[in-house]
Amino acid sequence: MSNEWPLWEVFIRGQHGMSHRHVGSLHAPDAEMAIKNARDVYTRRNEGVSIWVVEAANIAASSPTEKGPLYDPSRSKVYRHPTFFDIPDEVGAM
Amino acid sequence: MYAQMIKSEGGKDPSEMTPEEVRFQARIDAGEKIEPKDWMPEGYRKTLIRQIGQHAHSEIVGQLPEGNWITRAPTLERKAILLAKVQDEAGHGLYLYCAAETLGVSRDDLTEQLLSGRMKYSSIFNYPTLTWADVGAVGWLVDGAAIMNQVPLQRTSYGPYSRAMIRICKEESFHQRQGFDIMMKMAQGTPEQKRMAQDALNRFWYPSLMMFGPSDAESVHSAQNMAWKIKINTNDELRQKFVDQTVPQAEYLGLTVPDPDLKWNEERGHYDFSEPDWTEFFDVLNGNGPCNNERMEARQEAWADGQWVRDGLMAHAAKKRARKMAAE
């Protein structure tokens with residue numbers, strides 16, 4: 001039972017103009033079969049107009065323990081949001 | 001349910017918890033989702049593998065009783081619908097296997113555990129589908145019972161499980177409606193067709209009630225799984241909800257629920273009903289149902305017969321890769 005097909009992560013573009021979004025994963029011997037299987041498993045009801053597959057082993061991910069160092073620094077930079085600046089009403093829409 | 005009698009690996013008193021376990025429980029209490037790479041207690045991981053795995057196996061084995069009727073569906077349209085439904089069940093199995101795999105178990109490992117009998121699937125799929133009306137009863141009652149459990153599980157604490165449940169619930173209501181549609185046709189048909197519909201209800205009523213498992217109000221396993229939010233309602237709550245929803249539907253069909261003690265209880269605002277025969281339930285779980293051997297043999301045969309395809313496609317992929325590398 002060691003000859004298991006590798007795992008692929010599946011990304012689907014739901015409609016024209018949208019980004020591909022991760023929808024799940026599946027096993028397949030190669031990329032071509034992964035796309036064919038993804039069509040059957042994840043788009044049985046018109047859920048997509050385009051499919052990407054990536055072998056799961058090729059995905060690098062951040063670790064949950066790095067959450068602090070990665071994301072905390074942006075918390076204090078409130079001036080990056082437009083709501084930080086008060087624009088007088090008489091200036092109008094900006 | 002599709003996952004029945006899930007033994008929990010936890011059950012610690014809060015005073016005995018490590019600081020990590022306390023933080024973990026606090027995240028769940030706050031409604032946060034747990035993701036694959038997050039720290040989790042070993043018991044949570046193991047219990048979830050057991051539960052999601054059993055759920056996945058049920059979807060896969062669940063194709064067999066209905067698959068039995070694909071070649072004998074009464075019309076081409078019914079055949080196409082049933083084919084789509086059975087294909088959905090395969091898809092549901094795959095979503096769930098992938099969710100289980102994020103917990104560190106391999107697909108082949110899960111398959112091997114099903115085929116060796118170490119992991120179970122739902123008791124309901126060990127009953128035969130003897131007539132076309134049974135296909136209707138399975139969609140209406142069995143999928144109806146499954147929905148009772150799957151809708152709340154969309155809120156489960158484990159992210160990949162929750163996302164699989166959301167996908168499944170979107171597709172499941174088609175299953176129940178197509179079943180009820182078959183039942184309507186039969187119940188409004190000739191006297192003989194109506195008799196078949198009644199017979200299907202007679203045979204599937206109690207096995208459907210058994211799907212929720214025996215009362216677990218006192219169960220420590222159940223209490224732990226509820227604290228972890230991998231179980232949302234007690235078995236009795238879900239069973240009651242199922243009966244309350246289904247009885248009026250049977251009345252609409254003009255069929256009789258095979259329970260002489262079934263009665264609306266004004267005071268409780270629920271139906272009173274008879275418990276299924278729990279001896280039968282445990283007997284079926286232990287492998288002695290009408291179709292246990294047939295189901296296991298069908299899965300074992302499918303796995304063995306597919307071996308050359310799995311190996312052949314892997315060899316083909318390796319050859320293609322080598323050829324591409326040589327060309328570069």
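Because the structure is predicted, anything quoted here is derived from the model rather than measured.

What about the state of the cysteines?
Two cysteines, two sulfur atoms, one covalent bond between them: this is a disulfide. All chains considered together, the criterion is met by zero disulfides over all chains. Free cysteine: B:Cys98, not disulfide-bonded; nearest cysteine sulfur from B:Cys169 at 18 Å.

Quick look at the pattern of salt bridges
A pair can form between side chains of opposite charge whenever their charged atoms are brought close. One pass over the full model with this rule turns up 25 salt bridges over all chains. Among the ionic pairs, A:Arg45 bridges to B:Asp88, the shortest N-O distance being 2.5 Å. Residue A:Arg45 is found in the loop between helix H1 (31-42) and strand E3 (50-55), and its partner B:Asp88 is found in helix H4 (residues 76-101); the two belong to separate chains. Look at A:Arg45 and you get partly exposed, because its relative accessible area is 34%. The shortest N-O distance in the salt bridge between B:Asp38 and B:Arg27 comes to 3.2 Å. Of the two residues, B:Asp38 sits in the loop between helix H1 (19-29) and helix H2 (42-61) while B:Arg27 sits in helix H1, which places them 11 residues apart along the sequence. Judged by relative accessible area, which is 14%, B:Asp38 ranks as buried. The network of salt bridges with common partners includes A:Asp30, A:Glu32, A:Lys36 and B:Lys320.

Quick word on the pairing of strand E2 (residues 20-27) of chain A
Residues and elements named next belong to chain A. Note that strand E1 (residues 7-13) and E2 share seven bridges and pair antiparallel. In the strand pairing of E2, Phe 11 is matched with His 22. Taken together, E1 and the strand that follows it, E2, pair antiparallel across an intervening segment of six residues, in which Gly 17 is found at a positive phi of about 90°.

Quick notes on the confidence of the model for chain B
Taken residue by residue, chain B gives an average pLDDT of 95. The fraction at 70 or more is 99%. Here the prediction assigns the complex a pTM of 0.92, and the interface score ipTM is 0.88.

Let's talk about the environment of B:Tyr252
Residue and element names in this part refer to chain B. Relative to the helices and strands, Tyr 252 resides in helix H10 (residues 235-253). Overall, Tyr 252 belongs to the exposed group, its relative accessible area being 56%. When the C-alpha positions of Tyr 252 and Gly 144 are compared, they lie 16 Å apart, and in sequence the two are 108 residues distant. Not counting residues within four places of it along the chain, the set of residues in contact with Tyr 252 comprises Phe 180 and Met 184.

Criteria and cut-off values
Residue positions are given per chain, counting from 1 as you read along its sequence in written order. Both sets of labels track the order of writing: A upward for chains, 1 upward for ligands. Side-chain atom pairs in this predicted model are given and counted only at pLDDT of 80 or more, local residue features only at pLDDT of at least 70, and totals for whole chains, interfaces and linings cover all residues. With hydrogens and water excluded, all non-hydrogen atoms of the structure serve as input to the side-chain values. Any two cysteine sulfur atoms lying within 2.5 Å of each other are counted as a disulfide. We define a salt bridge as a contact between a side-chain nitrogen of Lys or Arg and a carboxyl oxygen of Asp or Glu at a distance within 4 Å. Put simply, DSSP marks the helices as runs of H or I at least four residues long and the strands as runs of E at least two long, and each gets a number from the N terminus on. Exposure categories follow from relative accessible area, calculated using a 1.4 Å probe and restricted to protein chains: below 20% of the type maximum is buried, above 50% is exposed, and the middle band is partly exposed. Two strands qualify as a pair provided that DSSP identifies no fewer than 2 bridges between them. The score called pLDDT rates the predictor's confidence residue by residue, from a low of 0 to a high of 100. Contacts between residues were defined by any pair of non-hydrogen atoms, one from each residue, lying within 4.5 Å.

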